[in-house]
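One-letter residues, chain by chain:
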Amino acid sequence: MGASEPAPERGEGRKPRTDWSAAPTVYVERAVCPHCGGAGYDRTRSVSGGDGSVTRLVHCRTCHEPYRICEEFPASGNLTTRAW
Ligand SMILES: [Zn+2]
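To keep things clear, this report deals only with the structure shown in the data block. None of the values given here were measured: they were computed from a predicted structure.

Some details on the overall build of the chain
- Scanning the chain from terminus to terminus reveals zero helices and three strands.
- If you list the helices and strands of the chain from N to C, you get β-β-β.
- Burial analysis of the chain (84 residues in total) assigns 11% to the buried set.
- Put simply, 28% of the contacts in the chain that link residues at least 6 apart link residues at least 24 apart.
- Of the roughly 8,000 Å² of accessible surface on the chain, 51% is carried by carbon and sulfur atoms.

A word on the coordination of the zinc ion
- Ligation of the zinc ion by protein atoms is provided by Cys-33 (SG), Cys-36 (SG), Cys-60 (SG) and Cys-63 (SG), these donors lying 2.2 to 2.4 Å from the ion.
- The coordination sphere of the zinc ion comprises four donor atoms, whose angles at the metal cover 101 to 117°; the geometry is tetrahedral.

What to know about the layout of surface pockets
- Volume-wise, the largest pocket comes out at about 300 Å³.
- If you trace the largest pocket, you find 13 residues lining it, with Val-28, Glu-29, Arg-30, Ile-69 and Glu-71 closest to the centre.
- Of all the elements, strand β3 (residues 66-71) adds the most residues to the lining of the largest pocket, at three residues.
- Class assignment for the residues of the lining of the largest pocket results in nine nonpolar, no polar and four charged.

Here's the deal with the side chain of Ser-53
- For Ser-53, the location among the structural elements is in the loop between β1 (41-48) and β2 (54-60).
- Polar contacts involving the side chain of Ser-53 include one to the side chain of Asp-51, which spans 2.7 Å.
- Once you skip the residues sitting within four places of it in the chain, Ser-53 turns out to touch Val-47, Ser-48, Cys-70, Glu-71 and Glu-72.

A word on the sheet that holds β1
- Pairing in this open sheet of three strands is antiparallel, and the strands run β1-β2-β3 from one edge to the other. Here the strands that pair on one side only, and so sit at the sheet edges, are β1 and β3. Each adjacent strand pair in this sheet contributes to an overall mean axis angle of 25°, direction not counted.
- Relative to β2, β1 is paired through seven bridges, and the arrangement is antiparallel. Of the residues in β2, the one forming a bridge with Arg-43 is Val-58.

Some points on the pairing of β2
- Between β1 and the antiparallel strand that follows it, β2, lie five residues; Gly-50 among them carries a positive phi value of about 85°.
- Of the strand pairs in this sheet, β2 and β3 are connected by six bridges, and their pairing is antiparallel. Along β3, the bridge assignment pairs Thr-55 with Cys-70.
- Here β2 folds back onto β3, and the loop between the two strands holds five residues, one of which, His-64, carries a positive phi near 65°.

Conventions we followed
- Residues numbered from 1 in each chain as written.
- Predicted model: local features only at pLDDT ≥ 70, side-chain atom pairs only at ≥ 80, totals over all residues.
- Heavy atoms only, no water.
- Helix = DSSP H or I, 4+ residues; strand = E, 2+ residues; numbered from the N terminus.
- Buried < 20%, exposed > 50% of the residue type's maximum accessible area, 1.4 Å probe, protein only.
- Contact = heavy atoms within 4.5 Å.
- Areas by Shrake-Rupley, 256 points an atom, 1.4 Å probe, with all protein chains shown as cover.
- Donors = N, O, S within 2.8 Å, 3.2 Å for Na, K, Ca; no water.
- Tetrahedral: all angles 85-135°; square planar, octahedral: opposite > 155°, others 65-115°.
- 1 Å grid on protein atoms, 1.4 Å probe; cavity = no way out; pocket = protein on both sides within 12 Å on 5 of 7 lines; lining within 4 Å.
- Points joined across faces, edges and corners; volume = space filled by probe spheres on them.
- Nonpolar A, V, L, I, M, F, W, Y, C, P; charged D, E, K, R; others polar.
- Polar contact = N/O pair within 3.5 Å; in protein donor to acceptor, adjacent residues only side chain to side chain.
- Pairing = 2+ DSSP bridges.
- Axes fitted to C-alpha atoms, helices over the stretch in contact; angles between N-to-C directions.

Dropping the structure here:
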């Protein structure tokens, strides 16, 4: 009954603990509705831009107007797939 797998050891022995206080922070703005400023939205579908970017077609949850959210890599990124 699934008893063949050895129980994982707790604590030490596995991956070293991540020191989150030393990790850098990447700030990403959340999308808000350009019509009313509302933060909530319902995603209809996502379209890949082919260059790593993704455009999400959404409807605002507050005013129900449609808008697009384009998420793309910053110039400081190191996007090696599909470079153009
Ligand atoms: Zn809105």
